[in-house]
Amino acid sequence: MTYVRHGAPALNYSACHYPGLEMAFRGPKRSLSDPYITFLGGTAFYGRYVTQAIPDRVEAAIGLGCVNLGLMNGGVGVMGAEAMLSLANGGVATVVEVVGAHNLSNQFYRVHPRRNDRLVAPTRLFRQVFPELDLCDVHFTRHLLAMMKRDAPNRYDTVVEELRSAWVEHMARLLEGLKGPAVLLWIVPAPVPGAEPGLDQDPLLVDRASVQAVSGLVDRVVEVRETPAILAQGHLGMQVPETDNQIASALPRGALLREGAMALLDPLQELGFGRGRAFVEAGSGLTA
């Protein structure tokens, strides 16, 4: 088993690029000439501080190349870009992460096209609805939502409704653009201690109704919640430099991501890819 090592050197994520995409992804780079499964997602798929990302674990278990297109703080907008879908449609199947609704351009604000957690600019509608809010020192979407919730709570619900609606619209468009089998992976960490109520649960502002609204567009929906048993495993499978402890505490734990990978094995087997979870856990050594 691999446990968190405080004071350890930073992980080498083997940054790599794929044709038609400007962003760097976690590697090592996979071949696109052999059959592969594409993983479209955000923070959970990238796996910061995690020694084995979800796609790596799945690949080791099923023996089929897994292309990791997860981006830190990636939103549905960048995941559904034409070049992303083109690469996904070149593979045999796609696993799509349920990411938060906040890192997505909408009627109230625009986000950076690649670094989706960064606020680019408020819209005219935002200025009309929230004229009293000063955004000079606001650079990130979560900070913006916290400000709106605190300073304009009677109007905040309107923003939440807009974000959820935009999320469903964009996610549906993404899933409709996939040609092969698709699995939606919904990973729900335990609430972040001390965070603003309502902003302490990731994927942020995505509820069951949101997921159900797009579930008919995929072959399987896999839900993994951080139970007390998973939480008790702590930082299993993580390597965190001591200076990054606070950053790591806000990210999905390695044990939860391991469970997410394992939960994919049976659905992928049902779709014709690899062997199921029971086979892997029976003695392959891939569960650590």
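See the structure shown above.
Since we're looking at a predicted model, the values are computed, not measured.

If you had to explain the pattern of salt bridges to someone new, which residues and values would you point to?
For the structure shown, the criterion picks out 16 salt bridges. Salt bridges here are not isolated pairs; linked through shared partners, they connect Arg 258, Glu 259, Arg 277 and Glu 281.

Outline the packing of aromatic side chains, listing residues and values.
Under the criterion given, the structure shown has five aromatic pairs. Where Phe 39 meets Phe 45, the ring centres are 5.3 Å apart and the plane angle is 70 degrees; that geometry is what we call edge-to-face. Exposure remark for Phe 39: the relative accessible area of 0% places this residue in the buried category. These aromatic residues form a ring-pair network of at least three members: Phe 108, Phe 126 and Phe 130. The ring of Trp 186 carries Arg 225 above its face, with NZ or CZ at 5.1 Å from the centroid.

Describe helix H4 (residues 82-89), naming the residues involved and giving the relevant values.
Along H4, the residues classified as buried are Met 84, Leu 85, Leu 87 and Ala 88. Down the axis of H4, the buried side of the element spans an arc of 160 degrees, and every buried residue falls inside it. Those residues of H4 that are exposed and aimed more than 90 degrees away from the buried face are Glu 82 and Ser 86. On its buried face, H4 is in contact with strand E1 (36-41), strand E2 (65-70), helix H3 (76-79), strand E3 (93-97) and helix H7 (153-176).

Got a sec to walk through the packing of helix H6 (residues 141-151) against H7? Specific residues and values, please.
In contact at an axis separation of 6 Å, H6 and H7 are set at 140 degrees when each is read in the N-to-C sense. The pairing of H6 with H7 is recorded here as oblique in orientation. Along its contact with H6, which presents Leu 145, Met 148, Lys 149, Arg 150 and Asp 151, the element H7 presents Pro 153, Arg 155, Tyr 156, Val 159 and Leu 163. Looking at the contact of H6 with H7 residue by residue, the class counts come to six nonpolar, no polar and four charged.

Requested: an account of the layout of surface pockets, with residues and values cited.
Of the voids in this model, the largest pocket is the one considered here, and its volume is about 1100 Å³. In this structure, the largest pocket is lined by 45 residues; those nearest its centre are Thr 43, Asn 73, Arg 142, Ala 250 and Leu 251. Going through the elements one at a time, helix H1 (43-46), H6 and helix H10 (245-249) are the ones with two or more residues in the lining of the largest pocket.

Summarise the state of the cysteines; cite the residues concerned and give the values.
In the structure shown here, the tally under the stated rule is zero disulfides. Between Cys 16, a cysteine without a disulfide, and Cys 66, which holds the nearest cysteine sulfur, the sulfur-to-sulfur distance is 14 Å.

Tell me about empty space enclosed by the protein, and please be specific about residues and values.
Enumeration according to the criterion identifies one cavity of 30 Å³ or more in this entry. Empty space within the largest cavity amounts to approximately 40 Å³. Lining the largest cavity are Tyr 18, Arg 26, Gly 27, Pro 28, Arg 30, Asp 56, Cys 66, Val 67 and Asn 68. With three residues, E2 is the single largest residue contributor to the lining of the largest cavity. Broken down by class, the residue content of the lining of the largest cavity amounts to four nonpolar, two polar and three charged.

So what's going on with the sheet that holds E2? Residues and values would help.
If you walk across this open sheet you meet the five strands as E2-E1-E3-E6-E7, and the pairing is parallel. Strands at the two margins of the open sheet, each flanked by one partner only, are E2 and strand E7 (220-225). The sheet shows a mean angle of 20 degrees between the axes of neighbouring strands, direction not considered. One ladder, built from four bridges, connects E3 with strand E6 (residues 182-188); its direction is parallel. When the sheet's bridge partners are listed, Val 95 is paired in E6 with Val 183. The sheet strands contacting helix H2 (residues 54-62) are E1, E2 and E6, and the helix crosses E2 at an angle near 170 degrees. The sheet strands contacting H7 are E1, E3 and E6, and the helix crosses E3 at an angle near 170 degrees.

What counts and what doesn't
- Residues numbered from 1 in each chain as written.
- Predicted model: local features only at pLDDT ≥ 70, side-chain atom pairs only at ≥ 80, totals over all residues.
- Heavy atoms only, no water.
- Salt bridge = Lys/Arg side-chain N within 4 Å of Asp/Glu carboxyl O.
- Phe/Tyr/Trp six-rings, centres within 6.5 Å; stacked < 30°, edge-to-face > 60°.
- Buried < 20%, exposed > 50% of the residue type's maximum accessible area, 1.4 Å probe, protein only.
- Lys NZ or Arg CZ within 6 Å of the ring centre and 35° of its normal.
- Helix = DSSP H or I, 4+ residues; strand = E, 2+ residues; numbered from the N terminus.
- Arc of directions from axis to C-beta.
- Contact = heavy atoms within 4.5 Å.
- Axes fitted to C-alpha atoms, helices over the stretch in contact; angles between N-to-C directions.
- Parallel < 35°, antiparallel > 145°, perpendicular 65-115°, else oblique.
- Nonpolar A, V, L, I, M, F, W, Y, C, P; charged D, E, K, R; others polar.
- 1 Å grid on protein atoms, 1.4 Å probe; cavity = no way out; pocket = protein on both sides within 12 Å on 5 of 7 lines; lining within 4 Å.
- Points joined across faces, edges and corners; volume = space filled by probe spheres on them.
- Disulfide = S-S within 2.5 Å.
- Pairing = 2+ DSSP bridges.

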